[in-house]
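# Fold and contact review
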Amino acid sequence: MRDTICALATPPGQSALAVIRVSGPEALSIKSQIFIPKLGPQKHFVATRGDVLDLDDALCTSFPENKSFTGEPSFELSLHGSPVIIKRVLESLQAFGVRGAKPGEFSLRAFLSGKIDLCEAEAICDLIHARSEQAAQAALRNLKGGLSDYLEPTRIALIDALCEIEARLDFPDEDLGTLPCQALADKIQGCLDKLQKLLRSAQLGKRLIEGARVVLLGLPNAGKSTLLNALLGEEKALVHDTPGTTRDVIEANWVLNGMPLVLVDIAGIRDDVSLDPVERLGIEKAKRELDKADLILWLEEPGQEKLEMPRLVAPVIKVATKGDLYPDSQGLSAKTGQGLPKLKQQITQILLGDQFDFGEVMLTKIRQKEEVSKAHECLLEAKEALLRGEPDEVLAFELRSAGNALDRLLGKSLNEEVLDLIFSRFCIGK
Ligand SMILES: Nc1nc2c(ncn2[C@@H]2O[C@H](COP(=O)(O)OP(=O)(O)OP(=O)(O)O)[C@@H](O)[C@H]2O)c(=O)[nH]1
Ligand SMILES: [Mg+2]
């Protein structure tokens with residue numbers, strides 16, 4: 001039996017309004033004890049003005065079982081956004097036996113009540129954290145069931161194929177004819193194509209939600225911090241002509257052509273035995289950033305010595321800096337802004353590629369990508385088993401495994417550990 005939970009659903013602190021959410025079997029009976037409507041009885045779904053104990057004059061909206069976000073009886077109070085009121089209302093609810101909700105617990109309940117599937121739940125999290133309009137749109141599409149809608153025909157095709165095979169396995173005496181191999185192979189190929197397309201969206205999806213990390217690399221004084229500031233349009237990092245100015249890693253959120261990025265400024269890399277220990281630590285930290293980068297901007301001041309680096313995994317854009325001082329270099333100048341549009345275009349090109357389409361359904365989580373990859377692998381095996389003429393049992397096994405992966409993706413088969421992991425990343429109150 002679930003208990004009744006409550007949480008502040010708006011950010012803490014002073015605000016015009018604050019929303020407290022309550023959900024669970026006792027929600028409506030508790031509501032009638034703490035909220036007295038001013039004008040006659042309250043109707044579901046209608047924001048109603050009244051008194052919340054003697055604490056606030058507020059609006060309350062109630063939702064009956066099966067017709068709320070969580071699927072449980074629930075209500076929301078729109079209070080005045082005073083931390084004192086919020087605290088006292090939450091304490092009063094707790095005195096009525098209502099428990100403070102854990103992060104994502106409302107969404108978990110919506111999922112457990114069958115109101116949303118797992119990808120839709122993940123999309124709520126993505127939407128709340130979206131840092132650009134395009135990211136929000138991608139999340140919203142998934143929240144509205146985009147992924148499940150996209151995958152439903154594939155799931156049905158899989159089940160059809162499986163029925164076809166299992167009927168023959170289960171009723172060998174019935175005359176069901178031989179397996180229509182070509183038709184089956186075509187059907188599997190159709191599913192493979194759809195999954196492949198989805199897998200291709202995963203990198204963009206992850207970048208759109210999490211933001212790609214763009215690291216500025218170079219010798220001390222190459223102009224990294226100055227470029228960071230120029231791209232951001234603000235004086236975020238200290239700039240000085242003393243080599244070794246930046247020590248700590250500086251991260252800044254930035255949106256480029258709809259894609260949220262994290263610009264990462266690091267200490268200039270140099271190897272000098274006489275370095276002071278703080279700069280040395282900064283350089284170690286800087287090198288660790290290179291492994292996490294999605295893209296590296298490698299800055300060089302023309303005519304200066306060159307930085308030697310071991311092989312870098314992430315793609316690299318070489319940038320000649322201080323173009324205003326070296327007119328022949330055709331380089332970029334953070335001082336005059338020359339070359340910045342070209343750099344932005346190169347960054348977009350590398351991170352998004354040519355064929356990006358923000359309008360398509362996307363995978364945004366590693367978990368989603370793993371399950372789709374698994375389904376794809378199993379289907380490939382199934383297709384090969386079919387072409388090699390292996391026993392139908394092998395084919396059925398692979399098809400079933402593919403179907404199971406898609407079920408796990410959408411949360412149709414439950415795994416407590418996965419649920420804990422997913423919902424713990426939510427905000428409290430969602
Ligand atoms: N004229 C000119 N000077 C620049 C430009 N970019 C950087 N500088 C100067 O170069 C010096 C070093 O710049 P920083 O941005 O601090 O260099 P950095 O690569 O961050 O250096 P470290 O933090 O020491 O690794 C400063 O005096 C800047 O004003 C540029 O485009 N034009
Ligand atoms: Mg610097």
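Residues numbered from 1 in each chain as written. Chains lettered and ligands numbered in written order. Predicted model: local features only at pLDDT ≥ 70, side-chain atom pairs only at ≥ 80, totals over all residues. Heavy atoms only, no water.

This next bit is on the environment of R400. Looking at the element boundaries, R400 is found in helix α12 (residues 392–410). R400 has contacts with L162 and E166, leaving out every residue within four places of it along the chain. (Helix = DSSP H or I, 4+ residues; strand = E, 2+ residues; numbered from the N terminus. Contact = heavy atoms within 4.5 Å.)

Most of strand β10 (residues 259–265) is tucked away, with seven of its seven residues classed as buried. The alternating pattern of β10 places M259, L261, L263 and D265 on one face and P260, V262 and V264 on the opposite face, and all of these are buried. Bridge count for strand β8 (residues 212–218) against β10 is five bridges, and the pairing is parallel. Along β10, the bridge assignment pairs A212 with L261. In the sheet, strand β9 (residues 250–256) pairs with β10 via seven bridges, with the strands oriented antiparallel. The residue of β10 that forms the bridge with L256 is M259. (Buried < 20%, exposed > 50% of the residue type's maximum accessible area, 1.4 Å probe, protein only. Pairing = 2+ DSSP bridges.)

Tallied over the entire structure, the rule returns 33 salt bridges. Two residues, R109 and D3, come together in a salt bridge whose shortest N-O distance is 2.8 Å. You can see R109 sitting in helix α3 (residues 105–112) and its partner D3 sitting in the segment before β1 (5–8), a full 106 residues away along the chain. The partner of K322 in a salt bridge is E301, with the nearest N and O atoms 2.9 Å apart. Here the residue K322 occupies a position in the loop between β12 (316–320) and α10 (340–352), and E301 occupies one in the loop between β11 (295–300) and β12, the gap between them amounting to 21 residues. For E301, a relative accessible area of 14% corresponds to the buried category. Overlapping salt bridges bring together R2, D3, E72, R99, E105 and R109 as one network. (Salt bridge = Lys/Arg side-chain N within 4 Å of Asp/Glu carboxyl O.)

This part takes up the packing of helix α6 (residues 146–170) against α12. Between α6 and α12, the least distance of the axes is 9 Å, while the angle of their chain directions is 155°. What the angle tells us is that α6 and α12 run roughly antiparallel. Note on packing geometry: the crossing formed by α6 with α12 is left-handed. Residue-level inspection shows S148, L151, T154, R155, L158, A161, L162, I165, E166 and L169 of α6 in contact with α12, the latter providing D392, E393, L395, A396, L399, R400, A402, G403, L406, D407, L409 and L410. A class-by-class count of the residues in the contact of α6 with α12 yields 13 nonpolar, three polar and six charged. (Axes fitted to C-alpha atoms, helices over the stretch in contact; angles between N-to-C directions. Parallel < 35°, antiparallel > 145°, perpendicular 65-115°, else oblique. Left-handed = near helix turned anticlockwise from the far one by under 90°. Nonpolar A, V, L, I, M, F, W, Y, C, P; charged D, E, K, R; others polar.)

What follows deals with the coordination of the magnesium ion (ligand 2). Taken together, S225 (OG) and T246 (OG1) make up the protein donors of the magnesium ion (ligand 2), found 2.0 to 2.1 Å from the metal. Taken together, the positions of S225 in helix α8 (residues 224–232) and T246 in the loop between α8 and β9 put the pair 21 residues apart, joining distant regions of the chain. In this pair, the class of S225 matches that of T246, namely buried. (Donors = N, O, S within 2.8 Å, 3.2 Å for Na, K, Ca; no water.)

In the neighbourhood of ligand 1, 23 residues make up the surrounding shell, with K224, T226, G244, T245 and D324 lying closest. In this structure, S225 approaches ligand 1 through a side-chain N or O atom, which is 2.9 Å from an oxygen atom. Within the backbone of A334, a nitrogen or oxygen atom sits 3.0 Å from an oxygen atom of ligand 1. The fraction of the free accessible surface of ligand 1 (650 Å²) that becomes covered by protein chains is 91%. (Near = heavy atom within 4 Å. Polar contact = N/O pair within 3.5 Å; in protein donor to acceptor, adjacent residues only side chain to side chain. Areas by Shrake-Rupley, 256 points an atom, 1.4 Å probe, with all protein chains shown as cover.)

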